[in-house]
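Structural overview for review
The residues making up each chain are set out below.
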Amino acid sequence: MLRISVWFSCVVLVFGRYPTSDNKDELETRDLGARISDNIVEDANLDVGGLVKKYGYPYEEHHAITQDGYILTLHRIPHGRDQNNTPGQRPAALVMHGITSSSADFVLMGPGTALAYILAEAGYDVWLGNARGTYYSRRHLTLNPNNGKGTFWDFSWDEIGNMDLPAMIDLILTQTGQSRLHYLGMSQGTTVFFVMGSLRPDYNRKIISMHALAPVAYLAHNQNPLFGLLAPHRKELEALLGDLGLKELFPRSPIFTWLGMNVCADGKPFQPLCSGLVFFFAGWNPGPQHNATMFPVKLGHTPAGSSARQLVHFGQSIVEKTFQRYDHGEVINLIVYGSRTPPNYNLNQLKAPVYLHYSAQDPFANLNDVERLYRELGGPKFKVRVPEPTFSHADFMWGQKAKEVVYDKVIEIMKTYDNAL
Ligand SMILES: *[C@@H]1O[C@H](CO)[C@@H](O)[C@H](O)[C@H]1NC(C)=O
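Just so we're clear, the structure is a prediction, and the values are computed from it rather than from any experiment.

Most of strand 3 (residues 92–96) is tucked away: five of the five residues are buried. When strand 3 meets strand 4 (residues 125–128), the two strands line up parallel, connected through four bridges. Residue pairing for strand 4: Val-95 is matched across the bridge by Leu-128. On the question of chirality, the crossover connecting strand 3 to the parallel strand 4 by way of helix 4 (residues 115–121) is right-handed. The sheet contact formed by strand 3 and strand 5 (residues 181–186) spans four bridges and is parallel. In the sheet register, Met-96 faces strand 5, and the bridge partner there is Gly-185.

Structure, rendered in structure tokens:
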């Protein structure tokens, strides 16, 4: 399995570049009441705006520019379709994706199942963020993302937390005229929040409540064998990928879309192998939450790109058993941080109310690591264990029953804050 996975990643790394195009906006809206995908192939090829409009939801696109020049796309669903469906002031909720993912993860399972639609129906003004370097945020005022050796790609999730989240939050608060918002993150979408709350403590005041789905800060007990194997060699790998012009990893790719439709779709003999590979990479339990029919849609949108350094930084967390800033090496550390070793993120600074929604079988959010994070958080904090033992990492975004098992609880908690406002 390991050899197949490594081979498979190499093919994708080398050939998997997506032609950047924006020609999918012409779609006419139809079947406005659809709840499940009525056309798997179409949904695999649409972008987020096309999907949201196709299913009859209001849609807006916004851009935030970070202090270091990255241009980030936010997708907005300002209200619901079936309920809470009139324009008006609503509490805003920013939802942030995981590594090599994008905002698409919160819409691709469709109305009734995907988090973005469920939040909109529940009465929220939904904003889907996209971190620098992902398919929707592969832009910069001066730097060129198509240069795989270039400085565009010299960032990890430290910069995403330190600069992207503040830029997106400020844009949302300006656009809505509100002073605070709810934040929901999945996996790396939680890591970057913990970074922001530690490095930019002023932003804690702008958070009504934070919901960490599959929380990732400490990775000392990482259960993913491939990550465990590569982590000690992260520095050599980062240098090698830089030399090869592959600082960008796993971009959204027509190869994945092709694999989804021709290898992993219903009726294809290799569909179980697809499930196995994704389980291996993404901690996806091919159990009751996994709807294999949706493979082509999932692979049409995910992976969506990240920098090599994001993975290297997670490797640092695995090996060093710390939650600390990116290690540039002694000399640059001295210049950037004023110390030879990178400083720890000061979780004690994080005063926003944080809810950790975690599960027993998550290879990237082991119970021991979640416990440690929980102990060190500085503000009000609450733990919610998902009441389904086989629930795994990717199920927090793609689970067939994620609404019943996780999202309903999240919204119930959010409402207690809204009602108290
Ligand atoms: C899986 O997805 C397909 C396509 O959207 C849908 O028709 C089917 O009902 C889903 N399966 C389950 C178990 O919900």
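Attention now moves to the pattern of salt bridges. In this structure the tally under the stated criterion is 19 salt bridges. For the salt bridge of Glu-412 with Lys-409, the shortest nitrogen-to-oxygen distance reads 3.7 Å. With Glu-412 and Lys-409 both in helix 16 (residues 402–420), this residue pair falls three residues apart, about one helical turn. With relative accessibility at 35%, the residue Lys-409 sits in the partly exposed group. Salt bridges here are not isolated pairs; linked through shared partners, they connect Glu-42, Asp-43 and Lys-54.

The next subject is the sheet that holds strand 1 (residues 60–65). Reading across the sheet, the eight strands line up as 1-2-4-3-5-6-9-10 and stay open at both edges, with mixed pairing between neighbours. Edge positions in the sheet fall to strand 1 and strand 10 (381–385), since each has one partner strand and no second. On average, adjacent strands in this sheet sit at an angle of 20° to one another, irrespective of strand direction. Sitting on the sheet, helix 16 touches strand 3, strand 5, strand 6 (207–213), strand 9 (354–358) and strand 10, and the angle it makes with strand 6 is about 165°.

Counting 53 residues, the largest nonpolar core has Tyr-183, Phe-193, Phe-194, Ile-207 and Phe-323 as its most contacted members. Ranked by the residues each element gives to this core, the list is headed by helix 5 (residues 157–176), at nine residues. Excluding its chain neighbours within four sequence positions, the residues that come into contact with Tyr-183 are Leu-94, Met-96, Leu-165, Gly-189, Val-192, Phe-193, Ile-207, Ser-209, Met-210 and His-211. Of all hydrophobic cores here, the second largest spans 48 residues; its members include Ala-93, Phe-391, Met-397 and Val-410.

Moving on: the UniProt feature "active site" (unreviewed entry) in the protein. Mapped onto this numbering, the UniProt entry gives "active site" (unreviewed entry) at Ser-187, Asp-362 and His-393. Across 207 residues, the annotated set stays spatially compact, with a maximum C-alpha separation of 10.5 Å. Leaving out residues up to four positions away in the same chain, Asp-362 has contacts with Ala-214, Ser-392, His-393 and Phe-396. A distance of 2.9 Å separates a polar atom in the side chain of Asp-362 from the backbone nitrogen of Phe-364. A polar side-chain atom of His-393 sits 2.8 Å from a polar atom in the side chain of Asp-362.

Reading the values: rules and limits
- Residues numbered from 1 in each chain as written.
- Predicted model: local features only at pLDDT ≥ 70, side-chain atom pairs only at ≥ 80, totals over all residues.
- Heavy atoms only, no water.
- Buried < 20%, exposed > 50% of the residue type's maximum accessible area, 1.4 Å probe, protein only.
- Helix = DSSP H or I, 4+ residues; strand = E, 2+ residues; numbered from the N terminus.
- Pairing = 2+ DSSP bridges.
- Right-handed = clockwise from strand over helix to strand, strands pointing away.
- Salt bridge = Lys/Arg side-chain N within 4 Å of Asp/Glu carboxyl O.
- Axes fitted to C-alpha atoms, helices over the stretch in contact; angles between N-to-C directions.
- Contact = heavy atoms within 4.5 Å.
- Core = buried A, V, L, I, M, F, W, Y, C linked by side-chain atoms within 4.5 Å.
- UniProt positions renumbered as here; feature names shortened; annotations may be inferred.
- Polar contact = N/O pair within 3.5 Å; in protein donor to acceptor, adjacent residues only side chain to side chain.

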